[in-house]
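# Architecture at a glance
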Amino acid sequence: MASTLIRNADIVVTMDAKRRELAGASVLVEDGVIAAIGDGPYLADRVIDARGCVVTPGLVNTHHHLYQTMTRAVPGGQDALLFGWLQTLYPIWARMGPEHMLVSAQVGLAELALSGCTLTSDHLYLFPNGSRLDDTIVAAQSIGLRLHATRGAMSIGESDGGLPPDSLVEDEAAILTDSIRLVDTYHNAADGAMLRIGLAPCSPFSVSRELMRDAALLARDKGVMLHTHLAENDEDIAYSLEKFGCRPGQYAEDLGWTGSDVWHAHCVKLDISEIDLFARTGTGVAHCPCSNCRLGSGIAPVRAMRDAGVNVGLGVDGSASNDAGDVLSEARQALLLQRVQNGADAISAREVLEIATLGGARVLGRPDLGSLEIGKRGDIAIWDSQHLGAAGAWDAVAALILCPPKGVRDLLVEGQIVVEGGVLARLDTRRLIARQNQLAAGLV
């Protein structure tokens, strides 16, 4: 039985039911599972000294488009709202192929790992030139992160009144067939799963009502989760009212898209009745504050959602609308926006850290993750609190959010080292960057 001991941490942030923070504590992981937390002494095959560090559960990212790391800071899309931004980027994405998808996903996953993330979802909804969701799955295996890969889709092109170009849409029967293939091939429902599959038609403005309904039926039959974009900005609301005669929350409810097995990205424009609907049904939300700022979408009502009992996690969203994939930066931005909207006492640093860990695990249906407790999986982030940006900080836990974000020192997933000393353990970052830049240059 392989074992790892994280020893003598300044503070261990457990995120357990009492939200305990243990000074001078150690964490023992055996065969991928947390076996002990406390003073010890414990014996292990490998020992990691965490003096001068804060130890937290691994961060969880609930919404990403990993393929988009290939198209950051694209001229023409830098100053556009959502729909204009998409129309700028669709033709570029249409030229991508399997290697673009693989390398772009590796870059995005590496960036997440270095920001302390141990579990991420991914929403891939276009498959040009032979690309498949399998490309992203291979990328996650090469980095060592847990992945909740969602099979997205677009089926209504411009000629039928949709937003995407016709070249990027798929036949709906083929979408459902490939969804079945992916679930049957890859989905693992067990505790400790490194890979799960979800079904994720892209958005109300790119698929039919029939596909939304069929995807929900298929997901329930297969026992997998559902994911899509919802109520992202004013354009989104206007489209829903014009095309469907109702607000996005009603649209989702009518088609079976509420429940504890569903999470929606953004939800910037949910109203009070929709927040209540999500709370009553256990529907989750992926809050993407940096992307919402970048695209001018607005400030999501996170305080109201949390107060109502909605499960909320953080999402970095695609790197073409965020230009970064750093979960800790996302947490800081979430705190700042809620305070801008609701006052300086609206949300604390510790509550935001909870959203980034336990909150995300709940949204993705992972009770085996999100906190450091005996029996939970060994997904652990170790943060050096002795760096320049935290010098003078009186509260090392709050400093993770309030002070300038710094990359994780060490990261364990299922007790295995993914980041060590601020460096990826499994891939040569320099080679990866070089190949990404080559492929991106070919798309220009």
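The structure we're discussing is the one just above.
Since this is a predicted model, take the numbers as computed values, not measurements.

With an omega of 0 degrees, the peptide bond between Gly 40 and Pro 41 qualifies as cis. Tracing the backbone through its elements, the reader meets Pro 41 in the loop between β3 (33–38) and β4 (46–49). Of note, the phi angle at Cys 267 is positive, near 55 degrees, even though the residue is not glycine. With respect to the helices and strands, Cys 267 occurs in the loop between β11 (262–266) and α8 (272–281). Residue Cys 267 is classed as buried on the basis of its relative accessible area, which comes to 0%.

The next thing to look at is the pattern of salt bridges. Per the stated rule, a full pass over the model turns up 31 salt bridges. Salt-bridge contacts for Glu 21 lead to Arg 350; the nearest nitrogen and oxygen are separated by 2.7 Å. Of this pair, Glu 21 sits in strand β2 (residues 21–30) while Arg 350 sits in helix α12 (residues 349–363), and the two are 329 residues apart along the sequence. Residue classification places Glu 21 among the partly exposed positions, given a relative accessible area of 32%. For Arg 72, the salt bridge is made with Glu 111, and the minimal N-O distance between the two is 3.1 Å. One end of the pair, Arg 72, is in the loop between β6 (59–61) and α1 (82–93); the other, Glu 111, is in helix α2 (residues 98–114), with 39 residues separating them in the sequence. Classification of Arg 72 as partly exposed rests on a relative accessible area of 28%.

A separate point is the environment of Ala 361. Looking at where Ala 361 falls in the secondary structure, it is placed in helix α12. In the structure, Ala 361 is positioned 200 residues away from Gly 161 in sequence and 37 Å away in space, judged by C-alpha atoms. Dropping the residues within four chain positions of it, Ala 361 is found in contact with Val 60, Arg 366, Leu 369 and Gly 370.

In this section: the side chain of Ser 321. Within the secondary structure, Ser 321 sits in the loop between β13 (312–314) and α11 (327–342). Judged by its relative accessible area of 1%, Ser 321 falls in the buried class. Within polar-contact distance, the side chain of Ser 321 engages the side chain of Ser 291 at 3.1 Å. For Ser 321, the residues in contact, after removing those within four places along its chain, are Gln 68, Trp 85, Ser 291, Arg 294 and Leu 295.

Direction vectors running N to C along helix α4 (residues 172–186) and helix α5 (residues 209–222) enclose 20 degrees, while the axes themselves pass 11 Å from each other. Judged on the interaxial angle alone, α5 and α4 are roughly parallel. Crossing angle aside, the handedness with which α4 passes α5 is right-handed. The segment α4 lies against α5, with Glu 172, Ile 175, Leu 176, Ser 179, Ile 180, Val 183 and Asp 184 engaging Glu 210, Leu 211, Asp 214, Ala 215, Leu 218 and Lys 222. Here the residues of the contact of α4 with α5 sort into 7 nonpolar, 1 polar and 5 charged.

Our focus in this paragraph is the environment of His 65. Looking at where His 65 falls in the secondary structure, it is placed in the loop between β6 and α1. Note: C-alpha distance between His 65 and Val 444 (379 residues apart in sequence) is 20 Å. One polar contact links His 65 to His 63, side chain to side chain, over a distance of 3.3 Å.

Of note, Ser 291 is situated in helix α9 (residues 289–294). For Ser 291, the side chain forms a polar contact with the side chain of Asp 317, separated by 2.6 Å. Non-local contacts of Ser 291, meaning those with residues more than four positions away in its chain, are made with His 266, Val 316, Asp 317, Ser 321, Asn 322 and Glu 330.

Conventions used here
Residues numbered from 1 in each chain as written. Predicted model: local features only at pLDDT ≥ 70, side-chain atom pairs only at ≥ 80, totals over all residues. Heavy atoms only, no water. Helix = DSSP H or I, 4+ residues; strand = E, 2+ residues; numbered from the N terminus. Buried < 20%, exposed > 50% of the residue type's maximum accessible area, 1.4 Å probe, protein only. Salt bridge = Lys/Arg side-chain N within 4 Å of Asp/Glu carboxyl O. Contact = heavy atoms within 4.5 Å. Polar contact = N/O pair within 3.5 Å; in protein donor to acceptor, adjacent residues only side chain to side chain. Axes fitted to C-alpha atoms, helices over the stretch in contact; angles between N-to-C directions. Parallel < 35°, antiparallel > 145°, perpendicular 65-115°, else oblique. Left-handed = near helix turned anticlockwise from the far one by under 90°. Nonpolar A, V, L, I, M, F, W, Y, C, P; charged D, E, K, R; others polar.

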